[in-house]
Amino acid sequence: MKYQRLRNEMVTKQIIARGITDPRVLSAMRTVPRHLFVSEAMMDQAYGDFPLPIGEQQTISQPYIVAEMTQSLQVTPEDRVLEIGTGSGYQAAILAQIAFRVYTVERIYSLYTRTRKLFDQLRYHNIVTRYSDGTTGWKEHSPFDAIIVTAGAPEIPMVLVNQLAVGGRMVIPVGDRHTQDLIKLVRDEEGIHQSNLGGCRFVKLVGEHGWREQ
């Protein structure tokens, strides 16, 4: 009951208050138990207006950023969505509340195994996971109706753009190692259209088509 109250407060004060209106996104944010996607020590902070560490120098994004990116993707119940960077699994769980199927790729093995177990426990049977370099996408299951990248890239990986269906949307942070702009791409019969949703800050997208391992 406590966590349900905190979830409702999070949606009202952090998400609706900042202009998120998509009813599917708001419903998903009210439903997914965010506190289960962080360590036990962090559970009481899970609904705060900030990102939290999840180990391996990775973070669970601030709730508002998750809501903004999800709304920007314009996900429908028929959509197949690709997520690059499973991380805590929270973003995939939000998407799974809305989309037909979510394909999510994680390059850090400990996070991959932890989230796979959590998805099974929470019965997210429409989430398909993979341990791999996410910057190459998941060609076998393409094209996707939507692609979300949850780490900052030095530039937009064309290999991901090429896995978008016609009518598909992609949201990706692009910039340097410290700050990025949240870029939205839409693919139609005429090509790719790009817009800037504003500044953001994510961990680095590491991989063949991202930042190199240091």
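Preceding this section is the structure that the text describes.
Let us look at the structure shown here. Because the structure is a prediction, the values reported are computed rather than measured.

## Focus on the layout of surface pockets
- Put simply, the largest pocket is a space of about 560 Å³.
- Taken together, 36 residues make up the lining of the largest pocket; nearest its centre are Gln58, Thr150, Ala151, Val203 and Lys204.
- For the lining of the largest pocket, the element with the most residues is strand β2 (residues 58-60), which contributes three residues.
- Here the residues of the lining of the largest pocket sort into 14 nonpolar, 15 polar and seven charged.

## Points about the packing of aromatic side chains
- In this structure the tally under the stated criterion is eight aromatic pairs.
- Both rings, one in Phe37 and one in Tyr90, keep their centres 5.8 Å apart while their planes meet at 65 degrees; by these two values the pair is edge-to-face. Residue Phe37 is located in the loop between α2 (23-31) and β1 (52-55), and its partner Tyr90 is located in helix α4 (residues 90-98); the two are separated by 53 residues in the primary sequence. With respect to burial, Phe37 and Tyr90 carry one shared label: buried.

## Things to note about the nonpolar core
- Formed by 49 residues in total, the largest nonpolar core has its most connected members in Ile15, Met29, Phe37, Leu73, Tyr90 and Tyr124.
- Counting residues per element, the ones that place at least two in this core are α1 (2-15), α2, β1, α3 (63-73), α4, α5 (109-121) and β6 (144-149).
- Counting residues per element, this core draws most heavily on α4, at seven residues.
- Here Phe37 is in contact with Val32, Ile54, Ile60, Ser88, Gly89, Tyr90, Ala93, Leu118, Phe119, Leu122 and Tyr124, once residues within four sequence places are set aside.

## Observations concerning the environment of Leu197
- Checked against the element boundaries, Leu197 lands in strand β9 (residues 191-200).
- Through-space distance from the C-alpha of Leu197 to that of His209 is 22 Å; in sequence the pair is 12 residues apart.
- Leaving out residues up to four positions away in the same chain, Leu197 has contacts with Glu68, Ser72, Leu182 and Lys184.

## Side note on unusual backbone geometry
- The omega torsion across Ser142 and Pro143 is 5 degrees, close enough to zero to call that bond cis.
- Here Pro143 is to be found in the loop between β5 (127-131) and β6.
- At Arg123, a residue that is not glycine, the phi angle is positive and equals roughly 60 degrees.
- Its place among the elements puts Arg123 in the loop between α5 and β5.
- The exposure class of Arg123 is exposed, given its relative accessible area of 66%.

Conventions and cut-offs
- Residues numbered from 1 in each chain as written.
- Predicted model: local features only at pLDDT ≥ 70, side-chain atom pairs only at ≥ 80, totals over all residues.
- Heavy atoms only, no water.
- 1 Å grid on protein atoms, 1.4 Å probe; cavity = no way out; pocket = protein on both sides within 12 Å on 5 of 7 lines; lining within 4 Å.
- Points joined across faces, edges and corners; volume = space filled by probe spheres on them.
- Helix = DSSP H or I, 4+ residues; strand = E, 2+ residues; numbered from the N terminus.
- Nonpolar A, V, L, I, M, F, W, Y, C, P; charged D, E, K, R; others polar.
- Phe/Tyr/Trp six-rings, centres within 6.5 Å; stacked < 30°, edge-to-face > 60°.
- Buried < 20%, exposed > 50% of the residue type's maximum accessible area, 1.4 Å probe, protein only.
- Core = buried A, V, L, I, M, F, W, Y, C linked by side-chain atoms within 4.5 Å.
- Contact = heavy atoms within 4.5 Å.

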